[in-house]
Amino acid sequence: MSLARACACTHGLTHMWHSLVCSRAPPARPPAGSRSAPRGARGQRRAGPPFQFLQVQKAGSKGSVGLIRLQRPQALNALCEGLMAELRRALDAFEADAQVGAIVITGSDKAFAAGADIKEMQGKSFQQCYGGAFLAGWDRVATVRKPTIAAVNGYAVSVPVSLRALCRVPHARGRDSWRSPPAVPITPSPGAGGTQRLTRAVGKSLAMEMVLTGERISAAEAKAAGLVSKVFPVDKLLDAAISCAEKIASNSKLVVAMAKESVNAAFETTLAEGNRTEKRLFYATFATDDRKEGMTAFVEKRKANFTDS
Ligand SMILES: C/C=C/C(=O)SCCNC(=O)CCNC(=O)[C@H](O)C(C)(C)COP(=O)(O)OP(=O)(O)OC[C@H]1O[C@@H](n2cnc3c(N)ncnc32)[C@H](O)[C@@H]1OP(=O)(O)O
């Protein structure tokens with residue numbers, strides 16, 4: 001069993017670099033309990049054309065987990081507009097799917113994602129960025145109401161750090177060999193929420209160091225800083241993420257969404273406003289059948305049967 005490690009660094013005054021990689025890279029294999037792509041992707045076919053940059057399927061013994069694998073190997077899963085549009089479409093489909101209770105986003109063994117697509121950005125002007133609201137749709141990962149888990153494997157550069165920070169229950173795995181960051185600055189600064197979300201996730205000191213120096217951090221440091229919730233050996237990462245997602249999905253989807261909203265309020269608002277949000281949502285749970293069922297099941301010493309109502 002390998003020791004899981006992660007690294008994260010930034011370089012120049014430019015962009016964040018974050019890599020959570022593994023010590024051994026086994027061949028890609030379907031996660032335990034995953035359904036075959038055609039069966040799992042059935043809902044996706046109904047939702048639109050086939051995916052070019054993603055593999056989308058349902059996983060878990062009850063098909064309650066939406067699994068999205070970024071799949072653009074020739075560019076190390078760099079986040080081109082096409083990929084991000086597909087990601088939004090996949091998230092929309094899982095959000096609307098009553099069977100799905102949580103979503104796992106993962107990459108390949110070599111790369112979770114290598115940041116925004118530099119070749120796509122290279123020729124852009126200010127007018128095109130501002131006028132076209134470049135990156136505006138990228139927050140969809142943050143606005144999904146169902147819980148999202150980032151199972152981070154391989155390189156995770158710049159934007160994926162934000163992507164990871166957007167996912168609420170991030171998991172990581174480590175690798176023991178590192179590559180140097182690019183030698184020259186590529187972007188003027190992080191532009192997809194990296195300076196904001198990373199700072200809220202790990203605090204100003206570490207975020208400042210990562211953004212300004214490009215220093216790497218280990219998986220243990222990332223975990224200690226709250227950047228990832230758990231670190232797994234290579235061969236356990238995806239199954240662990242799916243298992244966590246299944247556990248979440250077995251709870252009341254209604255109450256889980258309220259709980260997620262409440263935790264997010266701590267991330268995005270003041271303490272007083274967060275407490276007010278929490279209280280309002282807590283009261284709201286008393287209007288649900290699932291709150292009654294959960295408490296009744298506890299008192300009757302039986303397993304709760306939630307109906308998401
Ligand atoms: C607001 C948002 C800001 C941002 O996100 S800015 C972008 C931040 N991203 C980066 O700075 C990372 C750029 N990529 C790299 O530094 C390296 O890659 C890695 C260290 C991650 C991996 O290095 P190695 O293993 O040597 O692979 P390779 O030969 O550099 O890449 C394989 C192919 O993937 C393409 N690629 C990699 N990253 C990107 C990218 N971000 N945008 C577009 N293409 C990318 C390359 O060009 C190449 O392609 P070919 O084989 O045709 O030469």
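If you check an unreviewed UniProt entry, the protein appears there as Enoyl-CoA hydratase, mitochondrial from Anas zonorhyncha. According to the UniProt record, the Subunit (unreviewed entry) comment for the protein is "Homohexamer; dimer of trimers." Per UniProt, the protein carries the Pathway (unreviewed entry) text "Lipid metabolism; fatty acid beta-oxidation."

Engineer: What's the story with the pairing of strand β5 (residues 102-106) in this structure? I'm lost.
Structural biologist: Note on strand geometry: in a regular strand, side chains alternate between the two faces of the sheet. With 5 of 5 residues buried, β5 lies mostly within the body of the structure. Alternating residues of β5 divide into Ala-102, Val-104 and Thr-106 and Ile-103 and Ile-105, and every residue in both groups is buried. Handedness of the crossover joining strand β4 (residues 65-70) and β5 through helix α3 (residues 81-96) is recorded here as right-handed. The sheet contact formed by β5 and strand β7 (residues 148-152) spans 4 bridges and is parallel. Each bridged residue has a counterpart across the sheet, and for Ile-105 the counterpart in β7 is Ala-150.

Engineer: Honestly, the packing of helix α8 (residues 194-202) against helix α9 (residues 204-213) in this entry has me stumped. Any pointers?
Structural biologist: When two helices pack together, their arrangement is given by the angle between the helix axes and the distance between those axes. It is at 7 Å that the axes of α8 and α9 come closest, and there the two elements cross at 135 degrees. Here α8 is positioned oblique relative to α9, judged by the angle of their axes. In terms of crossing hand, the pair formed by α8 and α9 is right-handed. Contacts from Leu-198, Thr-199 and Val-202 of α8 reach α9 at Lys-204, Leu-206, Ala-207, Met-210 and Val-211.

Engineer: Whenever I open this one, the side chain of Lys-146 confuses me. Can you help?
Structural biologist: With respect to the helices and strands, the residue Lys-146 is situated in the loop between α6 (140-143) and β7. Notably, Lys-146 is buried but unbridged: the nearest opposite-charge side chain belongs to Glu-95, and the N-O separation is 5.1 Å.

Engineer: What am I meant to see in the packing of aromatic side chains here?
Structural biologist: Note on aromatic pairs: each is described by the distance of the centres and the angle between the planes. A complete count under the given rule lists 4 aromatic pairs for this structure. On the basis of an interplanar angle of 70 degrees and a centroid distance of 6.4 Å, the ring pair of Phe-134 and Trp-138 is categorised as edge-to-face. A centroid spacing of 5.2 Å and a plane angle of 75 degrees characterise the contact between Phe-282 and Phe-286, whose relative ring orientation is edge-to-face. Overall, the relative accessible area of 38% leaves Phe-286 in the partly exposed class. Taken together, the aromatic side chains of Phe-282, Tyr-283 and Phe-286 make up a single cluster linked through ring pairs.

Engineer: So what exactly am I meant to see when it comes to the pairing of strand β3 (residues 54-59) here?
Structural biologist: With 5 of its 6 residues buried, β3 lies for the most part within the structure. Here 6 bridges tie β3 to β4, and the two strands are oriented antiparallel to one another. Across the sheet, Ala-59 pairs through a bridge with Val-65, a residue of β4. Between the antiparallel neighbours β3 and β4 lie 5 residues, among them Gly-60 with a positive phi of about 90 degrees.

Engineer: What am I meant to see in the pattern of salt bridges here?
Structural biologist: Any two side chains of opposite charge can pair, on the condition that their charged atoms come close. Throughout the structure, instances matching the rule amount to 11 salt bridges. Residue Arg-140 is joined to Glu-95 by a salt bridge in which the shortest nitrogen-to-oxygen separation is 3.7 Å. With Arg-140 in helix α6 and Glu-95 in helix α3, this pair connects stretches of sequence that are 45 residues apart. Here Arg-140 falls in the buried class, since its relative accessible area comes to 19%. Close ionic contact of Glu-273 with Arg-276 constitutes a salt bridge, the shortest N to O distance being 3.2 Å. With Glu-273 and Arg-276 both in helix α13 (residues 271-285), this residue pair falls 3 residues apart, about one helical turn. Several salt bridges converge on common partners, so that one network encompasses Asp-92, Glu-95 and Arg-140.

Engineer: Would you mind showing me how to read the packing of helix α12 (residues 253-268) against α13 here?
Structural biologist: As a packed pair, α12 and α13 sit with axes 8 Å apart at the nearest point and diverge in direction by 170 degrees. In terms of their interaxial angle, α12 and α13 are classed as roughly antiparallel. On α13, the residues touching Val-255, Met-258, Glu-261, Ser-262 and Ala-265 of α12 are Gly-274, Thr-277, Glu-278, Leu-281, Ala-284 and Thr-285.

Engineer: Which parts of the structure should I look at to understand the nonpolar core?
Structural biologist: Nonpolar side chains tend toward joint burial in soluble globular proteins. Counting residues in each nonpolar core, the largest one holds 28 residues, and the members touching the most others are Leu-54, Ile-68, Leu-70, Leu-83, Leu-87, Ile-103 and Ile-105. Of all elements in the fold, only β3, β4, α3, β5, β6 (111-113) and β7 reach the threshold of two or more residues within this core. Sequence-distant contacts of Leu-54, defined by excluding residues within four places in its chain, comprise Ile-68, Arg-69, Leu-70, Gln-71, Leu-83, Glu-86, Leu-87 and Ala-90. Membership of the second largest hydrophobic core comes to 16 residues, among which are Val-65, Ala-240, Ile-242 and Ile-248.

Engineer: What's the story with the environment of Asn-264 in this structure? I'm lost.
Structural biologist: If you trace the backbone, Asn-264 turns up in helix α12. Asn-264 gets classed as buried once you look at its relative accessible area, which sits at 10%. A sequence separation of 14 residues divides Asn-264 from Glu-278, and the C-alpha atoms of the two residues are 10.0 Å apart.

Engineer: Whenever I open this one, a nonpolar patch on the surface confuses me. Can you help?
Structural biologist: Nonpolar side chains collect at one region of the surface, where Phe-282, Tyr-283, Phe-286 and Met-295 lie side by side and expose about 440 Å² of accessible area between them. Inspection of the secondary structure assignment puts Tyr-283 in helix α13.

Definitions and cut-offs
- Residues numbered from 1 in each chain as written.
- Predicted model: local features only at pLDDT ≥ 70, side-chain atom pairs only at ≥ 80, totals over all residues.
- Heavy atoms only, no water.
- UniProt positions renumbered as here; feature names shortened; annotations may be inferred.
- Buried < 20%, exposed > 50% of the residue type's maximum accessible area, 1.4 Å probe, protein only.
- Helix = DSSP H or I, 4+ residues; strand = E, 2+ residues; numbered from the N terminus.
- Right-handed = clockwise from strand over helix to strand, strands pointing away.
- Pairing = 2+ DSSP bridges.
- Axes fitted to C-alpha atoms, helices over the stretch in contact; angles between N-to-C directions.
- Parallel < 35°, antiparallel > 145°, perpendicular 65-115°, else oblique.
- Left-handed = near helix turned anticlockwise from the far one by under 90°.
- Contact = heavy atoms within 4.5 Å.
- Lys, Arg positive; Asp, Glu negative; His and termini not counted.
- Salt bridge = Lys/Arg side-chain N within 4 Å of Asp/Glu carboxyl O.
- Phe/Tyr/Trp six-rings, centres within 6.5 Å; stacked < 30°, edge-to-face > 60°.
- Core = buried A, V, L, I, M, F, W, Y, C linked by side-chain atoms within 4.5 Å.
- Patch = residues over 30% accessible without salt bridge, like charges linked within 9 Å, V, L, I, M, F, W, Y side chains within 5 Å.
- Areas by Shrake-Rupley, 256 points an atom, 1.4 Å probe, with all protein chains shown as cover.

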